[in-house]
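Chain and residue survey
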Amino acid sequence: MYFNKNLINTFVSVDSQDELFKFMSDCLNKSGCVKDSFYDGIISREAEYPTGIQIGNVGFAIPHTDSKHVLESQICFASLKKPIDFADMTDVNNKFPVNLVFMLAMKEPGDQIKTLQKLMEVFANEEVINFLLKSDDKDQILNILKENGID
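Anyway, here's the lowdown on the structure attached to this text. (Residues numbered from 1 in each chain as written. Predicted model: local features only at pLDDT ≥ 70, side-chain atom pairs only at ≥ 80, totals over all residues. Heavy atoms only, no water.)

1. What about the nonpolar core?
One finds Leu20, Leu28, Phe38, Leu80 and Met103 to be the most contacted residues of the largest nonpolar core, which totals 25 residues. Leu28 has contacts with Leu7, Cys33, Val34, Phe38, Gln74, Cys76, Met103 and Ala105, leaving out every residue within four places of it along the chain. Core analysis: the next-biggest nonpolar cluster, separate from the first, contains 23 residues, Ile8, Ile53, Phe102 and Ile129 among them. (Core = buried A, V, L, I, M, F, W, Y, C linked by side-chain atoms within 4.5 Å. Buried < 20%, exposed > 50% of the residue type's maximum accessible area, 1.4 Å probe, protein only. Contact = heavy atoms within 4.5 Å.)

2. As for the environment of Asp26
Residue placement: Asp26 occurs in helix H1 (residues 17-30). The class of Asp26 is partly exposed, set by a relative accessible area of 28%. Asp26 sits 13 residues away from Tyr39 along the chain, and the two C-alpha atoms are 7.9 Å apart. (Helix = DSSP H or I, 4+ residues; strand = E, 2+ residues; numbered from the N terminus.)

3. Some details on helix H2 (residues 38-48)
For H2, the full list of buried residues reads Phe38, Tyr39, Gly41, Ile42 and Glu46. Along the long axis of H2, the arc covered by the buried residues comes to 160°, so they all point the same way. In H2, the exposed positions angled more than 90 degrees off the buried face are occupied by Asp40, Ala47 and Glu48. Looking at the packing, one finds that the buried side of H2 touches H1, strand S2 (52-55), strand S4 (74-87) and strand S5 (95-105). (Arc of directions from axis to C-beta.)

See below:
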């Protein structure tokens, strides 16, 4: 299972991408899922390969890094109190506000691709996305993600 209720964060208040990455990396680190090098891995990978994706009027980010920084596969989720700009994964010159962030820590590289595919299916589900944007019930968030194949 890739989701732990303790790694679901709602209405996170941060002022920058860097602050968000530190917060989420620290959550994963405290849970024992990642090495201390994970945060630096996330920062350097995002700088080179941005992970923002916009579907409709909702911005998502899927920051991740090499499996060498991961001890145990896990996903950290954050809905943001106010959006933060991310660069588009297909056009680094295009930036847009992101509301929902799924930070991936995958031990096996193949798991990352499968998880990304499942997340893309979730991003296309307007009902699920509206729920994630408005809910602060970690149990319900966990359940709805499991029901949609993110587990």
